[in-house]
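# Coordinate analysis (summary)
Here's the letter readout for the chains.
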Amino acid sequence: MAYRKKYSIKQILVDHQNWWQFYEKHKKTLRDSIVLTIVKLLSCKNLVRGYQVYQCSNPNCSHTKRFPFTCKSKACSSCGKKATDIWIQKQHQILPNTTWQHITFTMPAQLWDFFWYNRSLLNLIAKMAAECIQSIARKKKLIPGIFIAIHTFGRDLKRNVHIHVSTTTGGISEDQRHWKNLFFDQKTLMRMWRYRIIQLFRRTEQRQALIIPSKLQKQFNHTFTFSQFLDQLYKKTWIVHCSKPSNDHQQNVNYLGRYIKRPPIAESKLKHYDGAEVTFNYLDHTTKTYRRLSMSSEEFIGRFVQHIPDIGFRMIRYYGFLAHRVRGKMLPIVYRLLQQDNIQTTASPTYAELMQKNFSFNPFTCILCGQQLVLSYMYFGLSSAKSLLPFH
């Protein structure tokens, strides 16, 4: 079988000083979170970050091994894989074993750019999607379990703001004595979602707190106002996709996990890089076929880094009986109503366990004598603050 060369995001950033040239050209407009994330990514598994030294537990063996610290950045494919596995395992332990439904809330493309000029709006739309579900549940006096992922990208790395929702198709009654089923109608959800988003933009603009993208500003005048622009969007049918309810919530968890903790593009999609141009594959939702897209290194980096979230921004959120403030009290009730044993949570998988699971390899086994490696000492390298000094 022919060997296919593998390409990495880090390689593209480092090669020909692509990242430094991109930074120098765009530094006045780059968010701090972008610079911090890329600096962490570039130093991942580099000894400059620090490292642990392990030595063989066999007193007659002199073998030692250094393990560089990782960056734990959402833009890093390696760290993202570990974070994804840990998140998925945790959700499998917590989420009740019942019927779940995956719902995707989208909006017209004309609104996407607004979220880059008004990033605070991203903090509001997840709650609005949850309110659509909860509003229907409240009419039946039920409390469902909901978790939501915020996405800002399409598979071609262009801007595409949308919300992925996983919700139970049932809920706890208000007296907490019964579990009853729920049904979510696609058209009803669409109207509720569309109304909430349009109202969000109206209220924000009325407070004079909305920055309008320059491309759209040129369209508005006394004959075509921003309010009329929103009226046009409100008359359209927005896409809200409701998948078929499933008893296997693991599929939803695994699907969302791929996007929550990992970079916006998987490195397996990178098909070619020649030092100047990047080529990657993506699934075209319109034609349901894979397409190949090529662009300059600068454009690729620009598309990639624009989807790095702000520092502290939560890409996934929980509502209903999964909300952090109530889950400790309500989840045991859910387990009881569903006749499900309380799930015993286990510790997050260790580095060695993940390596064993994914590569059938124990990194803490001595390559010389086969004995266990034990921690000898740690060296702490540059902090993130010091790593950023060249960028100030």
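Each remark here, short or long, concerns the structure printed above.
Rules behind the numbers
Residues numbered from 1 in each chain as written. Predicted model: local features only at pLDDT ≥ 70, side-chain atom pairs only at ≥ 80, totals over all residues. Heavy atoms only, no water. Helix = DSSP H or I, 4+ residues; strand = E, 2+ residues; numbered from the N terminus. Buried < 20%, exposed > 50% of the residue type's maximum accessible area, 1.4 Å probe, protein only. Contact = heavy atoms within 4.5 Å. Areas by Shrake-Rupley, 256 points an atom, 1.4 Å probe, with all protein chains shown as cover. Lys, Arg positive; Asp, Glu negative; His and termini not counted. Charge placed at Lys NZ, Arg CZ, Asp CG, Glu CD. Phe/Tyr/Trp six-rings, centres within 6.5 Å; stacked < 30°, edge-to-face > 60°. Lys NZ or Arg CZ within 6 Å of the ring centre and 35° of its normal. Pairing = 2+ DSSP bridges. Patch = residues over 30% accessible without salt bridge, like charges linked within 9 Å, V, L, I, M, F, W, Y side chains within 5 Å. Salt bridge = Lys/Arg side-chain N within 4 Å of Asp/Glu carboxyl O. Core = buried A, V, L, I, M, F, W, Y, C linked by side-chain atoms within 4.5 Å. Axes fitted to C-alpha atoms, helices over the stretch in contact; angles between N-to-C directions.

### What to know about the overall build of the protein chain
Per the secondary structure count, the protein chain includes 14 helices and 14 strands. The principal-axis extent of the C-alpha atoms belonging to the protein chain is close to 75 × 60 × 45 Å. Residues classed as buried in the protein chain amount to 48% of the 392 residues present. Put simply, of all contacts in the protein chain between residues at least 6 apart along the chain, 73% involve residues at least 24 apart. If you sum the accessible surface of the protein chain, you get close to 21,400 Å²; carbon and sulfur atoms cover 51% of it. Distance between charge centroids for the protein chain: 4 Å, based on 58 positive and 22 negative side chains.

### A short note on the packing of aromatic side chains
For the structure shown, the criterion picks out 24 aromatic pairs. Between Phe-115 and Phe-201, the ring centres sit 5.9 Å apart and the planes meet at 85°, which makes this aromatic pair edge-to-face. Taken together, the residues Phe-115 in helix 5 (residues 114-117) and Phe-201 in helix 7 (residues 186-206) connect sequence positions 86 residues apart. A connected cluster of aromatic rings, assembled from ring pairs, spans Phe-114, Phe-115, Phe-201, Phe-220, Phe-224, Phe-226 and Phe-229. Above the plane of the ring of Tyr-318 lies Arg-327, whose end atom (NZ or CZ) is 4.7 Å from the centre.

### Digging into the pairing of strand 1 (residues 50-56)
Of all seven residues that make up strand 1, five are buried, and the element is covered over most of its length. Where strand 1 and strand 2 (residues 64-68) come together, five bridges link them in antiparallel fashion. Opposite Val-53, over in strand 2, you have Arg-66 as the bridge partner.

### Some details on a nonpolar patch on the surface
A grouping of Leu-375, Met-378 and Phe-380 is seen on the molecular surface, where their side chains present a nonpolar patch of about 320 Å² in accessible area. Given the relative accessible area of 58%, Phe-380 is considered exposed.

### Details of unusual backbone geometry
Peptide bonds are mostly trans, and most non-glycine residues show a negative phi. Its identity as a non-glycine residue notwithstanding, Lys-45 has a phi of 60°, on the positive side. Take Lys-45: it is sitting in the loop between helix 3 (32-42) and strand 1. One non-glycine residue, Gln-339, lies in the positive phi region at around 55°. With respect to the helices, strands and loops of the structure, Gln-339 is situated in the loop between helix 12 (327-337) and helix 13 (351-359).

### Notes on the environment of Trp-179
Residue position: Trp-179 is located in strand 8 (residues 179-181). The buried category is assigned to Trp-179, whose relative accessible area is 19%. Expressed as a C-alpha distance, the spacing of Trp-179 and Ile-333, which sit 154 residues apart in the sequence, is 9.8 Å. Sequence-distant contacts of Trp-179, defined by excluding residues within four places in its chain, comprise Thr-98, Thr-168, Gly-170, Gly-171, Ile-172, Phe-321, Val-334, Leu-337 and Leu-338.

### What about the nonpolar core?
One finds Phe-105, Ile-125, Leu-189, Trp-193, Phe-201 and Phe-229 to be the most contacted residues of the largest nonpolar core, which totals 50 residues. Among the secondary structure elements, those contributing two or more residues to this core are strand 3 (100-105), helix 5, helix 6 (122-139), strand 5 (145-153), strand 6 (159-168), helix 7, helix 9 (226-234) and strand 9 (240-242). The residues contacting Phe-201, other than those within four sequence positions of it, are Leu-111, Phe-114, Phe-115, Leu-121, Leu-210, Phe-226 and Leu-230. Core analysis: the second largest hydrophobic core is formed by 31 residues, Trp-19, Val-35, Cys-71 and Val-305 among them.

### Examining the environment of Ile-94
By secondary structure assignment, the location of Ile-94 is in helix 4 (residues 77-94). Residues Ile-94 and Cys-71, 23 residues apart in the sequence, show an inter-C-alpha distance of 27 Å.

### Remarks on the side chain of Arg-327
One can find Arg-327 in helix 12. The exposure class of Arg-327 is buried, given its relative accessible area of 13%. Contact partners of Arg-327, with chain neighbours within four places excluded, come to Ile-94, Tyr-318, Phe-321, Leu-322 and Pro-332.

### Focus on the sheet that holds strand 2
One open sheet holds the three strands; their spatial order is 2-1-14, and the pairing between them is antiparallel. Every other strand in the sheet has two partners, leaving strand 2 and strand 14 (373-380) as the edge strands with one partner each. Pairwise comparison of adjacent strand axes, ignoring direction, gives a mean angle of 25° for this sheet.

### Focus: the pattern of salt bridges
Under the criterion given, the structure shown has ten salt bridges. In this structure, the salt-bridge partner of Glu-131 is Arg-196, at a minimum N-O distance of 3.6 Å. Residue Glu-131 is found in helix 6, and its partner Arg-196 is found in helix 7; the two are separated by 65 residues along the sequence. One continuous salt-bridge network, built from bridges that share partners, spans Arg-31, Arg-119 and Asp-310.

### Focus: the environment of Leu-95
Position of Leu-95 among the secondary structure elements: in the loop between helix 4 and strand 3. When the C-alpha atoms of Leu-95 and Phe-220 are compared, they prove to be 48 Å apart, with 125 residues separating the residues in sequence.

### Examining the sheet that holds strand 12 (residues 289-296)
Taken together, the three strands give an open sheet; going across it, the order is 10-11-12, and neighbouring strands pair in antiparallel fashion. Every other strand in the sheet has two partners, leaving strand 10 (270-273) and strand 12 as the edge strands with one partner each. Looking at each pair of strands side by side, their axes are set apart by 25° on average, direction ignored. In this sheet, strand 11 (residues 277-284) lies alongside strand 10 in antiparallel orientation, the contact comprising three bridges. Pairing of His-272 across the sheet is with Thr-279, part of strand 11. In this fold helix 11 (residues 297-305) packs onto strand 10, strand 11 and strand 12, with an angle of close to 115° to the strand it touches most, strand 12.

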